[in-house]
Structures are given as structure tokens and as C-alpha cells.
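# Secondary and tertiary structure notes
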Amino acid sequence: MEKRWVVLVACMLLAATGFSQSRPTIAIGHAGEVRALAGHRTLNYAFSAGEDGRLLVWDLESGAQYASYQLSRDPLGALAVHPTDSVVAVFVRGSLNAGTVIALDWVTGEQLFATPIDGRPTSLQFSPRGNLLVAALESFESLRVLDSQSGRLTNVLRDGFGVVSFVQITPNEQNLMTYVPSRGEFIYWSIATGEEALTVRTQPRLRHVTPIDPQTFRFLVGASDEELVVVDNLSGSVLSTYPIQRVSAIRFDAESGRIVALAEVNNRPSILAFEFRSGRLRRLSYAAQNLDTATRTIALVGTGRPLDIIAGSISGGVALHDGRNGRETQLGSSTLLPIVDAEFTDGTLYLSLDGRMIAISSDLFDSNGNRLAVESIETTVIDHDSVFEIARVGDALYSWSDRDPGIVWRIENEAFTSVYEDESATPISSVRESATGLLVLHRDGKIVVIDGESVEVEYEGQGLRDALWVAGRGLIAAKSQASAFDSSVIIVNELTGETVGASTDAFLTTRLALNPETEEIYTIGLFGEQPDIRTRL
């Protein structure tokens, strides 16, 4: 079976959500890089913005996708969640140096405003009370302050003062502080007047600056090229450092006092945890399990103590890591992962991927793959250490893999049970239904017909490509033509073993299909001679 792409199935399932008032959920991911992540302050929901122009809302209680919004065909960037309302703001990149800030209600999908801005935000955040939306741009006139209700640009801080990479707004929304990395300056401003109140010199070129002092708002952590650095924003002094390189994100959990950093350790992305206590940074014991090697961004999410961590990768995957032990829950796989094979049985669609099999049970499909009405979609992930092809025989599902050559497995209740093992461990090319059980075709041309766990028929031929078992007739096989007197389709009598050729002028037959009602056999083969070779059904 040819490879399929998960994105096709995902689009079908997402399109199906419009047929019902209920909200079907399916764990998929982004088609392309995850550009930004955010968690809700008080609800168990998380948000991801992708290169594919989609905003995904994740229900962390169920581990399923709550909603998907295609905001644009252009990539999304910075992401901000309103502190009290069901509103999220996201930047849509329209061109190299411009774009649009879109705000929408993530529960209803209603778009509240779309405001063009002349730059690309390095950060986007709502003020503590949610009245303002502040974007820090990669330009000399760096700040854009929007009214969070209307999206209207205000005149606050429109004077040029250098590129800002971090903004901190006081709880009363009267003042804000900016960090200018090129000069290493904290600059305090009055929001009401737009006037500068104070400038404090500190360490320059800090990245991912994050507040870690929710009581006095004095202490910040950032990353230099070689260290994690804690600074006092009133004096500018460096309070503590910790050696760490290639930091791509820093987050802080106020409840536990834990600092979380995404950094590269031994050429692999790793999530590291720290605390700042008694004036020094201290490493905590924490290891994220099965962290995707393509992880590029993280966010703290949930309502537990400590908070869980959501991670996004450049391949489009979204995963949740337990804040205590690092255990991973896959929320959404990359939608561009190739599917090795797919099969239907009992209203469930099975997708076989590398290292994982996804079972999608719903009333969207019946056992023959026909689409029905949509009321619910549930997914089950079956982890394994191989790449499987799969086939349905009757009501049962069977699989085989090159990593375990010569073995046929039955999939039942999320478990793999061996039902056939070839003594020579010859790789298998296909599994079909026979009159008594299974027909197994090996790549070396050996065909085995199984009744339960015993071999009833064994046949070997050169160049066999496909085979069927037809009750009362025997074995029908597709192969390459050995000579002008040979046929590329042969019939083997089930009682005598006599072999006869079928009438076909194909020099190679690759596939066979049987209509059980009419007993007609359909073939796909190659006909003609060079250079005029044709494929014919």
C-alpha cells in the first residue's frame, strides 16, 4: 500500500466537525513548525500557533484538541492569552517586516479585531488587568500598545528609543519597564504620560528575559551566550549565574518558584529546572521523558503544583510533560509524518506510523470505510518499536514488519499477539484472507496458507508479487512472465497442485483483487514493449 500523509486524514476529520453540534476531538498537530505556545492562567487549556497558520486549543484534562482555527495561510508567531476573558491574541506574519495582530474568542471562534502592525513582535502580551495588548517589535520605534477591546493603536510610547526585547507592566497598569538588549538598559515609563522615569544599566544582550519575583517585581532571569543570569532590575546588578548554553526559552512558575529553561545539552534539546533561593541559582532534579529532538519552544500550563510543561517542535508535534516526573503525553503528532499503512475495522481507522499506531474510533466511518454522521471521535495511541504494515482479514486486524521479519501479529485490545512465524525469518510482503484463515506472501515468493496456527498449504514461485485464495478454485498468483509461453497470472489447484496460466498479455502483473459476489478477478499489470510500456487495469 502506498504511503499516505496524516494531514489528509486530519483535514477530513476536522472538516467533519461541522456536521454536528457536539465537538469531536482528535489528537493531531501542526503541519510545520510550532511557532508559539501559551497556557491559560486559571483553566486547564493550552494554545499553540503554527507555521501552518492554525491556532490549536488543547484541553489538558482530556489530552485532546478542543478547537482548531485556521487564521491565515501565512505563518503565525507571537501568542498571548487574556488574563480573565476567553480571548487569545496572535501575530500573523504577512510580509518580511509587517503583519497583523488578530484577537479572537477561543471558545466561540469569533474574531474580535485584526490590527495591522509594521513589524514583527519579539514579544506579545496582555497587561495584568487585560486592558492593553503590548507588542515589542524588531525596530527602533519598538513598542505598539493596543486597546485590548477594539485593537486600536494608542499613542503610548511611540517615540523611538531602541529595539525592546522584554516588557514588564505593573499590576496597576500605570507604568511599564522595557529592556533594551543592545545597550543593556532597563527603562521605566509612565503609561499615562509616555514619559521616561528611570534608566538602569545592566548586563547587555540577555535573551528570553523573564520575571521571577512576583512579590516585588525586582528579579529577572535571562540567558547570555554561556550562562543563565539573574539580575536586579532596580540596581542592574547581576545576582547569580549558572553555566548553560544555547537557551531557546525560559519560563517561570510562580506557585513553585521553579525556573524552566529549554537548552541544548549534549547536542540534544533538554528541559532544565532551576530555583533562585538565598541569592543563588540552583539546579533542580527534572528530566522530560521522550522529548522530541526537534523541540524548539515550551510553555508552562495547567493548574497543578508545579505546573506541567507543553513542548512544540519544528516538525509540528505538541507534547505535554508532567511537571513532577517529566512523563510525556503526546497531544498532537506532526501532521506531516508519513503513514506506512491504513486500515478500517469495526468503525475504527488504524494508522500505522513509525513507532506508533493510532486507532481513531468514531461514527465518522463504518467498517467498510463509508462516511457516516459525526457525534464523537476518540483516539488511542498504541506505542511500539517498529514500523508496521497492516491488513484486515474478516473482523480481525493483522500486521507485519521488517524489524521482525517473518512474523505476523494480530492486533487486539491494543496488544500485539504473534499468530505466524516463518522459520527462515523471511520478510513478508502481504497478508490476505484465505478459505481457512490467512494467506501470507513472503518476499522470496513463498506463499503460506494458515488454518489457525498450522500451515495448510505452502507454495513457492519465482517473481511472485501478489496472491489470492479463492474457495473451490485454489491459489491465484501474480508474478513476472518468465517466457513468451508463460503467463504473469497463474492458478494453482487447491487439491492437486496443478498450475495453469491465465489468459493475459501482461508481462508483469503486480496486484490482484477479487469481487466475492461475482468471483471476478481484477489485475493491474504492465503491457507492451519498450519504449511504449503501459499500465492497465
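Above this text is the structure in question.
In this report, we go over the structure that sits alongside the text. Computed from a predicted structure; not experimentally measured.

The rules we used
Residues numbered from 1 in each chain as written. Predicted model: local features only at pLDDT ≥ 70, side-chain atom pairs only at ≥ 80, totals over all residues. Heavy atoms only, no water. Helix = DSSP H or I, 4+ residues; strand = E, 2+ residues; numbered from the N terminus. Buried < 20%, exposed > 50% of the residue type's maximum accessible area, 1.4 Å probe, protein only. Contact = heavy atoms within 4.5 Å. Areas by Shrake-Rupley, 256 points an atom, 1.4 Å probe, with all protein chains shown as cover. Pairing = 2+ DSSP bridges. Phe/Tyr/Trp six-rings, centres within 6.5 Å; stacked < 30°, edge-to-face > 60°. Lys NZ or Arg CZ within 6 Å of the ring centre and 35° of its normal. Axes fitted to C-alpha atoms, helices over the stretch in contact; angles between N-to-C directions. Patch = residues over 30% accessible without salt bridge, like charges linked within 9 Å, V, L, I, M, F, W, Y side chains within 5 Å. Salt bridge = Lys/Arg side-chain N within 4 Å of Asp/Glu carboxyl O. Polar contact = N/O pair within 3.5 Å; in protein donor to acceptor, adjacent residues only side chain to side chain.

### Notes on the overall build of the protein chain
Of the regular secondary structure elements, the protein chain holds one helix and 48 strands. Burial analysis of the protein chain (537 residues in total) assigns 50% to the buried set. Considering only contacts within the protein chain whose residues lie at least 6 apart along the sequence, 38% involve residues at least 24 apart. A total accessible area of about 25500 Å² is found for the protein chain, and carbon and sulfur atoms account for 46% of it.

### As for the pairing of strand E38 (residues 428–433)
Of the strand pairs in this sheet, E38 and strand E39 (residues 438–442) are connected by five bridges, and their pairing is antiparallel. Note on E39: the bridge partner recorded for Glu433 is Leu438. Counting the residues in the hairpin turn of E38 and E39 gives four residues.

### So, unusual backbone geometry
You will see that Asn266, though not glycine, has its phi angle at about 55°, which is positive. Following the sequence through the fold, Asn266 ends up in the loop between strand E22 (258–265) and strand E23 (268–277). Residue classification places Asn266 among the exposed positions, given a relative accessible area of 71%. Of note in the backbone geometry, Ser278 takes a positive phi value of approximately 55° without being a glycine. Looking at the element boundaries, Ser278 is found in the loop between E23 and strand E24 (280–284). For Ser278, a relative accessible area of 76% gives the class exposed.

### So, the environment of Leu281
The topology assignment puts Leu281 in strand E24. When near neighbours in sequence (up to four residues on either side) are disregarded, Leu281 contacts Leu228, Val230, Ser240, Thr241, Tyr242, Ile259, Phe274, Glu275 and Phe276.

### Side note on the packing of aromatic side chains
In the structure shown here, the tally under the stated rule is seven aromatic pairs. The interplanar angle of 45° and the centroid separation of 5.1 Å between the aromatic rings of Tyr45 and Trp106 together place this pair among those described as tilted. A residue pair is termed long-range when its members are at least 10 positions apart, and Tyr45 in strand E3 (residues 45–50) and Trp106 in the loop between strand E8 (98–105) and strand E9 (111–117) qualify at 61 residues. Assessed through its relative accessible area of 18%, Tyr45 is described here as buried. With a centroid separation of 6.1 Å and 75° between ring planes, the pair formed by Tyr66 and Trp106 is classed as edge-to-face. One end of the pair, Tyr66, is in strand E5 (residues 64–70); the other, Trp106, is in the loop between E8 and E9, with 40 residues separating them in the sequence. Each member of the pair, Tyr66 as well as Trp106, carries the same accessibility label: buried. Three or more aromatic residues joined by ring pairs form one cluster here, namely Tyr45, Phe47, Tyr66 and Trp106. Here Arg258 stacks its cationic end above the ring of Tyr286, 5.5 Å away from the centre of that ring. The ring of Phe527 has Arg536 sitting right over it, with the charged end atom 4.1 Å from the ring centre.

### Focus: the side chain of Ser123
Along the polypeptide, Ser123 turns up in strand E10 (residues 121–126). If sequence neighbours within four positions are ignored, Ser123 has contacts with Val134, Ala135, Ala136 and Ser165.

### Quick look at the pairing of strand E48 (residues 532–536)
When strand E47 (residues 520–529) meets E48, the two strands line up antiparallel, connected through five bridges. In the sheet register, Phe527 faces E48, and the bridge partner there is Arg534. Between E47 and the antiparallel strand that follows it, E48, lie two residues.

### Digging into the sheet that holds E10
In spatial order, the strands read E10-E11-E12; together these three strands make up an open sheet with antiparallel pairing. Of all the strands in the sheet, just E10 and strand E12 (143–147) have a single pairing partner and so form its edges. Adjacent strand axes in the sheet meet at a mean angle of 15° when their direction is disregarded. Pairing analysis gives five bridges linking E10 to strand E11 (residues 132–137), with the strands arranged antiparallel.

### Some words on the sheet that holds E5
One open sheet holds the four strands; their spatial order is E2-E3-E4-E5, and the pairing between them is antiparallel. The sheet is open, and its two borders are formed by strand E2 (34–39) and E5, each paired with just one other strand. Taking the axes of each pair of neighbouring strands and ignoring which way they run, one obtains an average angle of 20° across the sheet. Examined bridge by bridge, E3 and strand E4 (residues 54–59) share five bridges and lie antiparallel to one another. Its bridge partner being in E4, Ser48 is matched across the sheet by Leu56.

### Observations concerning a nonpolar patch on the surface
Residues Tyr522, Ile524 and Leu537 make up a contiguous nonpolar surface patch of about 320 Å² in total accessible area. On the secondary structure map, Leu537 appears in the segment after E48.

### Describing the environment of Ser386
Note that Ser386 resides in the loop between strand E33 (377–383) and strand E34 (389–393). For the pair formed by Ser386 and Trp400, sequence separation is 14 residues and the distance between their alpha carbons is 9.4 Å.

### Examining the environment of Glu185
One can find Glu185 in strand E15 (residues 185–190). Sequence-wise, Glu185 and Arg205 are 20 residues apart; in three dimensions their C-alpha atoms are separated by 9.8 Å. In contact with Glu185, not counting residues within four places along its chain, are Thr178, Tyr179, Val180, Thr199, Val200, Arg201 and Thr202. Within polar-contact distance, the side chain of Glu185 engages the side chain of Arg183 at 2.9 Å. A polar contact is formed between the side chain of Glu185 and the side chain of Arg201, at a distance of 2.9 Å.

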